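# Architecture and fold: a report
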Amino acid sequence: MPELPEVETARRTLEQLVVGKTIEDVTVRWHKIIKFDEGVEAFINRLKGQTFRSIGRKGKFLLFYLDGDVLVSHLRMEGKFSVKPETEPSDKHTHVIFKLTNGEQLRYNDVRKFGTMHLFTEGQENDTPPLTLVGPEPFDEAFTLDYFKDKVQRSSRMIKNILLDQTVVAGLGNIYVDETLFKAGVHPERRGSSMEDMELVRIQQAAAETLLEAVEKGGSTIRSYVNSQGKIGTFQQQLLVYGQNGTPCPNCGREIIKIKVGGRGTHICTSCQK
């Protein structure tokens, strides 16, 4: 699943590709992607004639700011946007097409069909789900130690599961949680209630550092992820533990192993993360 660095990379490339361009029409081939109370036809009609003004992001959500509305999109497992000439055929996994007045198309492609699109009047997008369910990001001012302690130390859940909870902290997924916990020297099965303040400080710092580094590298290309210009990210070349099972730990040399935590494949060094 694309995590914060991949979504931020998509935001940056889409900003170059669609800002200032106007929607002429919209084709929706898979209606379940559209989460709009008034229905798909109303969704289409409301978007016609609107121009992309800017593109934002909250957690793993993309926010397309139009003339008066905000399109809020989550990519889920396999979703991706691209801009193509309208003369180029679309494949069977292209489920939403925004026809632009300049002869291009903004296409949403999703093999799994799990992605979502909500539409709000601008200013109301943060007053209702899904965005009200999104916690602060690791580098937000709101992600204070007091906030983090309250969410973690009162919980009996394992720390990995807490960090994967987007209502607690936004943007971390399986890859970057493994990297964060390794850098912080914390075992992913530690219970939140057992965590000490200094461990939480190390996790905060490692999470922010890891995500910012990954953004600089364009995200991690694992499996099918490419950005909106078809380019791959390169952060996977410097992953310390994720996907490195069987290789030596970069700190102590002990073999990195893969275990299951909460049903998720998890990569650790048993020496550095006790």
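The structure displayed is predicted, hence computed values, not measured ones.

Sheet architecture is open: four strands sit in the order E1-E7-E8-E6, paired in antiparallel fashion. Here the strands that pair on one side only, and so sit at the sheet edges, are strand E1 (23-28) and strand E6 (80-85). Between one strand axis and the next, the sheet turns by 20° as a mean value, whatever way the strands run. Of the pairings in the sheet, the one linking E6 to strand E8 (residues 104-109) comprises six bridges and is antiparallel in character. Paired with Phe-81 across the bridge in E8 is Tyr-108.

Turning next to unusual backbone geometry. For the peptide bond that leads from Pro-129 to Pro-130, omega is 10°, which places it in the cis range. Even without being a glycine, Arg-76 presents a positive backbone phi close to 55°. Structurally, the position occupied by Arg-76 is in the loop between strand E5 (69-74) and E6.

Right, let's talk about the sheet that holds strand E3 (residues 54-58) for a bit. Taken together, five strands build an open sheet; the order of strands is E2-E9-E5-E4-E3 and the sheet is mixed. Each edge of the sheet is formed by a strand with only one pairing partner; in this case those strands are strand E2 (34-35) and E3. With two bridges connecting them, E2 and strand E9 (residues 116-121) associate as parallel partners. Paired with Lys-35 across the strands is His-118, a residue of E9. Most of the contacts of helix H1 (residues 4-18) go to E3, to which it runs at about 170°, and overall it touches E3 and strand E4 (61-65). Packed onto the sheet, helix H2 (residues 40-47) meets E2, E5 and E9 and runs at close to 60° relative to E9.

With numbering aligned to this structure, UniProt lists the feature "domain: FPG-type" (unreviewed entry) at residues 240-274. Between the C-alpha atoms that bound residues 240-274 there is a distance of 17 Å. The span itself is 0% helix and 29% strand.

Annotation of the protein chain at the domain level lists domain 1 (4-133) and domain 2 (145-269). Computed from C-alpha atoms alone, the centre-to-centre distance between domain 1 and domain 2 is 29 Å.

Right, let's talk about the nonpolar core for a bit. The biggest cluster of nonpolar side chains holds 30 residues, and the ones touching the most others in it are Phe-81, Phe-98 and Met-117. Listing elements by their share of this core, those giving two or more residues are H1, E1, H2, E4, E6, strand E7 (94-100), E8 and E9. Sequence-distant contacts of Met-117, defined by excluding residues within four places in its chain, comprise Ile-33, Ile-34, Lys-35, Phe-43, Leu-71, Val-72, Ser-73, Phe-81, Val-96, Phe-98 and Tyr-108.

What follows is about the side chain of Ser-155. Among the secondary structure elements, Ser-155 is positioned in the loop between helix H3 (145-152) and helix H4 (159-164). Note on Ser-155: relative accessible area 12%, which makes it buried. Of the polar contacts made by the side chain of Ser-155, one reaches the backbone nitrogen of Arg-157; its length is 3.0 Å. Once residues within four sequence positions are removed from consideration, Ser-155 is found in contact with Ile-162, Gly-192 and Ser-193.

Here we take up H1. Every α-helix winds through 3.6 residues per turn, so residues three or four apart in the chain are directed the same way. Counted at 1.5 Å a residue, the expected span for H1 with its 15 residues is 21 Å, and the 20 Å between its end C-alpha atoms agrees. Most of H1 is tucked away, with twelve of its 15 residues classed as buried. Turning to H1, its buried residues are Leu-4, Pro-5, Glu-6, Val-7, Glu-8, Thr-9, Ala-10, Arg-11, Thr-13, Leu-14, Leu-17 and Val-18. Contact partners of the buried residues in H1: E3, E4, E6, E8, helix H5 (174-184) and helix H6 (197-216). A positive phi of about 90° marks Gly-20, the residue just after H1.

Another aspect to go through is the packing of H5 against H6. Two elements in contact, H5 and H6, have axes whose closest approach is 8 Å; the angle formed by their N-to-C orientations is 130°. Between H5 and H6, the crossing angle belongs to the class labelled oblique. Taken as a pair, H5 and H6 cross one another with a handedness that is right-handed. Contacts from Tyr-176, Glu-179, Thr-180, Leu-181, Lys-183 and Ala-184 of H5 reach H6 at Arg-202, Ile-203, Ala-206, Ala-207, Glu-209, Thr-210, Leu-211, Glu-213 and Ala-214.

What counts as what
Residues numbered from 1 in each chain as written. Predicted model: local features only at pLDDT ≥ 70, side-chain atom pairs only at ≥ 80, totals over all residues. Heavy atoms only, no water. Pairing = 2+ DSSP bridges. Helix = DSSP H or I, 4+ residues; strand = E, 2+ residues; numbered from the N terminus. Axes fitted to C-alpha atoms, helices over the stretch in contact; angles between N-to-C directions. Contact = heavy atoms within 4.5 Å. UniProt positions renumbered as here; feature names shortened; annotations may be inferred. Domains from an automatic or database assignment. Core = buried A, V, L, I, M, F, W, Y, C linked by side-chain atoms within 4.5 Å. Buried < 20%, exposed > 50% of the residue type's maximum accessible area, 1.4 Å probe, protein only. Polar contact = N/O pair within 3.5 Å; in protein donor to acceptor, adjacent residues only side chain to side chain. Expected span 1.5 Å × (residues − 1). Parallel < 35°, antiparallel > 145°, perpendicular 65-115°, else oblique. Left-handed = near helix turned anticlockwise from the far one by under 90°.

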